[in-house]
Amino acid sequence: PLQVATCGSFSGGIAAAFTTPLDVVKTRLMLGSDKNGVKYHGANDVIGRILKEEGTPVLLSGIQPRVMWISIGGFVFFGAYESYRSLLMNFPR
């Protein structure tokens, strides 16, 4: 169970890091407009305005807490799943 939990933690952290820019774009779309009240018109508009007005590093905003929490979640989820699965597989029929 510890090996599976560790693998879940690493894979969750990697996935979280790679998908952070998508999460930033999604959040901006959900807000609907930028800090000046100018409305967004789709994902391409969000990406273009971020790159033009704020710079590339903004796409990685919040990467540290996102990776941390998803890594912890992957560890707990896969560890619990594998522990429970092992328990059920060894249960007498």
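Residues numbered from 1 in each chain as written. Predicted model: local features only at pLDDT ≥ 70, side-chain atom pairs only at ≥ 80, totals over all residues. Heavy atoms only, no water.

A. View of the side chain of Ser71. Inspection of the secondary structure puts Ser71 in helix H3 (residues 63–89). Every residue in contact with Ser71, bar those within four places of it in the chain, is listed here: Ser9 and Gly13. (Helix = DSSP H or I, 4+ residues; strand = E, 2+ residues; numbered from the N terminus. Contact = heavy atoms within 4.5 Å.)

B. Molecular detail of the packing of helix H1 (residues 2–31) against helix H2 (residues 43–54). Running from amino to carboxyl end, H1 crosses H2 at an angle of 105 degrees, the nearest separation of the two axes being 10 Å. It follows that H1 is roughly perpendicular to H2 by the angle criterion. Here H1 contributes Val24, Val25, Arg28 and Leu29 to the contact with H2, which in turn contributes Ala43, Val46, Ile47, Ile50 and Glu54. Across the contact of H1 with H2, the residue classes tally to 7 nonpolar, no polar and 2 charged. (Axes fitted to C-alpha atoms, helices over the stretch in contact; angles between N-to-C directions. Parallel < 35°, antiparallel > 145°, perpendicular 65-115°, else oblique. Nonpolar A, V, L, I, M, F, W, Y, C, P; charged D, E, K, R; others polar.)

C. Quick peek at the pattern of salt bridges. Taken as a whole and assessed by the stated rule, the structure comprises 6 salt bridges. The salt bridge partner of Asp23 is Arg66, with a shortest N-O separation of 3.6 Å. Within this pair, whereas Asp23 is found in helix H1, its partner Arg66 is found in helix H3, the two being separated by 43 residues in sequence. In this structure, Glu54 engages Arg28 in a salt bridge whose closest nitrogen and oxygen atoms are separated by 2.9 Å. With Glu54 in helix H2 and Arg28 in helix H1, this pair connects stretches of sequence that are 26 residues apart. (Salt bridge = Lys/Arg side-chain N within 4 Å of Asp/Glu carboxyl O.)

D. Geometry of a nonpolar patch on the surface. On the surface, Leu2, Met68, Trp69, Ile72, Phe75 and Val76 cluster together into a nonpolar patch covering about 630 Å² of accessible area. In terms of residues, the nonpolar patch owes the most to one element, H3, which gives 5 residues. By secondary structure assignment, the location of Val76 is in helix H3. Residue Val76 is classed as exposed on the basis of its relative accessible area, which comes to 51%. (Patch = residues over 30% accessible without salt bridge, like charges linked within 9 Å, V, L, I, M, F, W, Y side chains within 5 Å. Areas by Shrake-Rupley, 256 points an atom, 1.4 Å probe, with all protein chains shown as cover. Buried < 20%, exposed > 50% of the residue type's maximum accessible area, 1.4 Å probe, protein only.)

E. Quick look at the nonpolar core. Val24, Val25, Tyr40, Val46, Ile50, Val58 and Leu59 together form the largest nonpolar core, which totals 7 residues. Of all the secondary structure elements, the ones that give two or more residues to this core are H1 and H2. When neighbours within four sequence positions are excluded, Val24 is seen to be in contact with Ile50, Val58, Leu59 and Ser61. (Core = buried A, V, L, I, M, F, W, Y, C linked by side-chain atoms within 4.5 Å.)

F. Up close: H2. Taking 1.5 Å of rise per residue, the 12 residues of H2 would be expected to cover 16 Å, and the 16 Å separating its terminal C-alpha atoms lies within 8% of that figure. Considered for burial, the residues of H2 that qualify are Val46, Arg49 and Ile50. Seen from one end, H2 has its buried residues packed into an arc of 105 degrees, which puts them on one side. For H2, the exposed residues set more than 90 degrees away from the buried face come down to Asn44 and Lys52. Buried residues belonging to H2 abut H1. Positive phi shows up at Gly55, right after H2, with a value of about 100 degrees. (Expected span 1.5 Å × (residues − 1). Arc of directions from axis to C-beta.)

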